[in-house]
Amino acid sequence: MPHTNGDAKTPLHHSKALEVLKEYEERDGLDIKSLLDSKRHGGLTYNDFLVLPGYIGFAASEVVLDSPVTKRISLKTPFVSSPMDTVTEHDMAIHMALQGGLGVIHHNCSADEQAEMVQKVKRYENGFILDPVVLSRNTTVGEAKALKEKWGFGGFPVTETGKLGSKLIGIVTNRDIQFEDDLSQPVSAVMVTDLITAAAGTTLLEANAILAKSKKGKLPIVDSKGNLVSMISRSDLTKNLHFPLASKLPDSKQLICAAAIGTRPEDKIRLQKLVDAGLDIVILDSSQGNSMYQIEMVKYIKTKYPDLDVIGGNVVTREQAASLIAAGVDGLRIGMGSGSACITQEVMAVGRPQAAAVYNVASFAAKFGVPCMADGGIQNVGHIVKGLALGATTIMMGGLLAGTTESPGTSFVSREGKLVKAYRGMGSIDAMQDRKAGAGAGAKDSQKSNAGTARYFSEGDSVLVAQGVSGAVAHRGSVTKFVPYLAAGLKHSLQDCGCKSLTELHESVANGTTRFELRTASAQLEGGVNMESYEKKLYA
């Protein structure tokens, strides 16, 4: 038992404080197992508990957020945007990757449209561009302008045959075609022929140095016969300076791209197109991942595409997770019914409170080295911290990112006069009746090709049962400011916990050093704002 004062007039000497602390049988607060004991406390959500502070012995800037998203791929910022059609298309995927996170492109569109979005992400930032868009001498100025509009960049090499591996004869830049009125003339009439090139075998560091000195926009890499073999772009040098945390592959320096597919037979055709476009990670998108369809798909993918990482889900129990881990997944996605636009728990009476789900699945998956993504229920930085403390290695967000500039949702002014963006759950009637995923608006069987119906196993239903809602979320500005705010908040929270990295946080939770406390309803009220009026400005 710890010492007691006995006589209030004779307190212990202050130098004995740390020594007396050791006399307590356990640390203050609850360990993770006691906190998440469902038999005693029921299933907990993020709002039901707090992380107790530790010792601050370092600056927040020293905290490292590197964390695995799959067995083979890690991110410098553990944030992932959800594969929802009002959250992630190529623009969101690009900017999430530039900030060190990951964007998962939705599949509520045709396979060709999704593959094109993957291509745009992969072409956005490169080291050596191994598959540049190449023109022939007979390509017209109009065609060159159309290619610039399609891909979002200019500066195309021109070769004898219009293909990679052919003799380089010039480069067409934006300046060469910007003010040309005669769109029918060939690019050979306006292209630059005074070229600076580098020889095949030049390292990326050497190529960057040549490009920096030449003050050119592009540096073609040619073989001994002058045939084009690859390129490097000045704009990528600038991006490297501005986005040092960018999620990139070490060999090609391309941005990492993920995309979602379903588990229907036709999704195998979709996947082939995505792989051809350069996909790095595929997420099998299902509200209930423990199914014969997903297990078969995981085995198919790992056999046919061994270099492609597969994230399975969604799951909320150890039993669900075990089936997918045994099938060979490289990562798991945790959550069922906890999303802000999801009503699965209400309608289906199936699911699990998110904190309980993350802890139970992540602690089991960790035994097999399978990273876990906490998907759903994230409303603020505190929820991100709690999801990671419970064992998740990354956090997936939908509604929190739907209001950003880079999301594909439509912006409009609400009745209250606030700027908002449209947001809907993939189980909403609006999403399940969207016909973009099939052969187009006139497709008779568009419901069978819809990502929403596939995710909720409703392709053949004559009556659609909604498991999501449609609405709007507040406009949050650009991801380029919002994600750094989330990352800064996470770093400061880890500093408060006394952990310099997410790895250290997981270890500290597992060995009982990091402690927790349950929150009553009154405690939750106390922890909120209690003022007559206030302005809640999250970052500046």
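Residues numbered from 1 in each chain as written. Predicted model: local features only at pLDDT ≥ 70, side-chain atom pairs only at ≥ 80, totals over all residues. Heavy atoms only, no water.

For the chain, the name recorded in an unreviewed UniProt entry is Inosine-5'-monophosphate dehydrogenase, with Hyaloscypha hepaticicola as its organism. We quote the UniProt Subcellular location (unreviewed entry) comment for the chain here in full: "Cytoplasm". UniProt, in its Cofactor (unreviewed entry) section for the chain, records the words "K(+)". (UniProt positions renumbered as here; feature names shortened; annotations may be inferred.)

Along helix α21 (residues 502-510), the residues classified as buried are L502, L505, S508 and V509. The buried residues of α21 occupy an angular sector of 120 degrees when projected down its axis, which confines them to one face. (Buried < 20%, exposed > 50% of the residue type's maximum accessible area, 1.4 Å probe, protein only. Helix = DSSP H or I, 4+ residues; strand = E, 2+ residues; numbered from the N terminus. Arc of directions from axis to C-beta.)

In total, this model carries zero disulfides according to the counting rule given. No disulfide involves C499; its sulfur sits 5.8 Å from the nearest other cysteine sulfur, which is in C497. Since its relative accessible area comes to 1%, C499 is described here as buried. (Disulfide = S-S within 2.5 Å.)

As a further point, take the side chain of S508. Note on placement: S508 falls in helix α21. Under the relative-accessibility criterion, S508 is labelled buried at 9%. Each residue touching S508, except ones within four places of it in the same chain, is listed here: C499, T513 and T514. (Contact = heavy atoms within 4.5 Å.)

For the rest of this paragraph, the subject is the packing of helix α5 (residues 111-124) against helix α10 (residues 266-276). Between α5 and α10, the shortest axis-to-axis distance is 8 Å and the interhelical angle comes to 25 degrees. Judged on the interaxial angle alone, α10 and α5 are roughly parallel. At the point where α5 passes α10, the crossing takes the right-handed sense. Of the residues in α10, those in contact with A111, D112, Q114, A115 and V118 of α5 are R270, K273 and L274. Considered class by class, the residues forming the contact of α5 with α10 number four nonpolar, one polar and three charged. (Axes fitted to C-alpha atoms, helices over the stretch in contact; angles between N-to-C directions. Parallel < 35°, antiparallel > 145°, perpendicular 65-115°, else oblique. Left-handed = near helix turned anticlockwise from the far one by under 90°. Nonpolar A, V, L, I, M, F, W, Y, C, P; charged D, E, K, R; others polar.)

A cluster of nonpolar residues, L18, L21 and Y24, forms a patch on the protein surface that exposes about 360 Å² of accessible area. Structurally, the position occupied by Y24 is in the loop between α1 (17-21) and α2 (32-35). Looking at Y24, the relative accessible area reads 45%, which means it is partly exposed. (Patch = residues over 30% accessible without salt bridge, like charges linked within 9 Å, V, L, I, M, F, W, Y side chains within 5 Å. Areas by Shrake-Rupley, 256 points an atom, 1.4 Å probe, with all protein chains shown as cover. Salt bridge = Lys/Arg side-chain N within 4 Å of Asp/Glu carboxyl O.)

Under the UniProt annotation, "binding site: NAD(+)" (unreviewed entry) lies at D285, S286, S287, G335, M336 and G337. In terms of the greatest pairwise C-alpha distance, the residues named above, spread along 53 residues, form a tight cluster of at most 14.1 Å across. One can find D285 in the loop between β13 (281-284) and α11 (292-304).

Taken as a whole and judged by the stated rule, the model has 14 salt bridges. Two residues, K120 and E116, come together in a salt bridge whose shortest N-O distance is 3.9 Å. Here E116 and K120 lie together in helix α5, a separation of four residues that amounts to about one turn. Looking at K120, the relative accessible area reads 21%, which means it is partly exposed. The residue K268 makes a salt bridge to E296 at a minimum N-O spacing of 3.2 Å. One end of the pair, K268, is in helix α10; the other, E296, is in helix α11, with 28 residues separating them in the sequence. Assessed through its relative accessible area of 23%, K268 is described here as partly exposed.

Strands sit in the order β4-β5-β12-β13-β14-β15-β16-β17 around a closed barrel of eight strands; the barrel is parallel. Strand after strand, the sheet turns through a mean of 25 degrees between neighbouring axes, direction not considered. When β13 meets strand β14 (residues 309-315), the two strands line up parallel, connected through three bridges. Bridged to I281 within β14 is D309. Of the strands in this sheet, β14 and β15 (331-334) are in contact with helix α12 (residues 318-327), which crosses β14 at around 160 degrees. (Pairing = 2+ DSSP bridges.)

Counted under the stated rule, the structure contains four aromatic pairs. Ring geometry for F49 against F516: centres 5.9 Å apart, planes inclined by 70 degrees, an arrangement best described as edge-to-face. Separated by 467 residues along the polypeptide, F49 in strand β1 (residues 49-51) and F516 in strand β21 (residues 516-518) bring together distant segments of the chain. Assigned by exposure class, F49 and F516 land together as buried. Taken together, a centroid distance of 6.5 Å and an interplanar angle of 80 degrees make the contact between Y300 and Y305 edge-to-face. Residue Y305 is classed as buried on the basis of its relative accessible area, which comes to 8%. The cationic tip of K268 hangs over the ring face of Y300; the distance from NZ or CZ to the ring centre is 4.4 Å. It is K386 that lies over the ring of F49; its NZ or CZ is 5.2 Å from the centre. (Phe/Tyr/Trp six-rings, centres within 6.5 Å; stacked < 30°, edge-to-face > 60°. Lys NZ or Arg CZ within 6 Å of the ring centre and 35° of its normal.)

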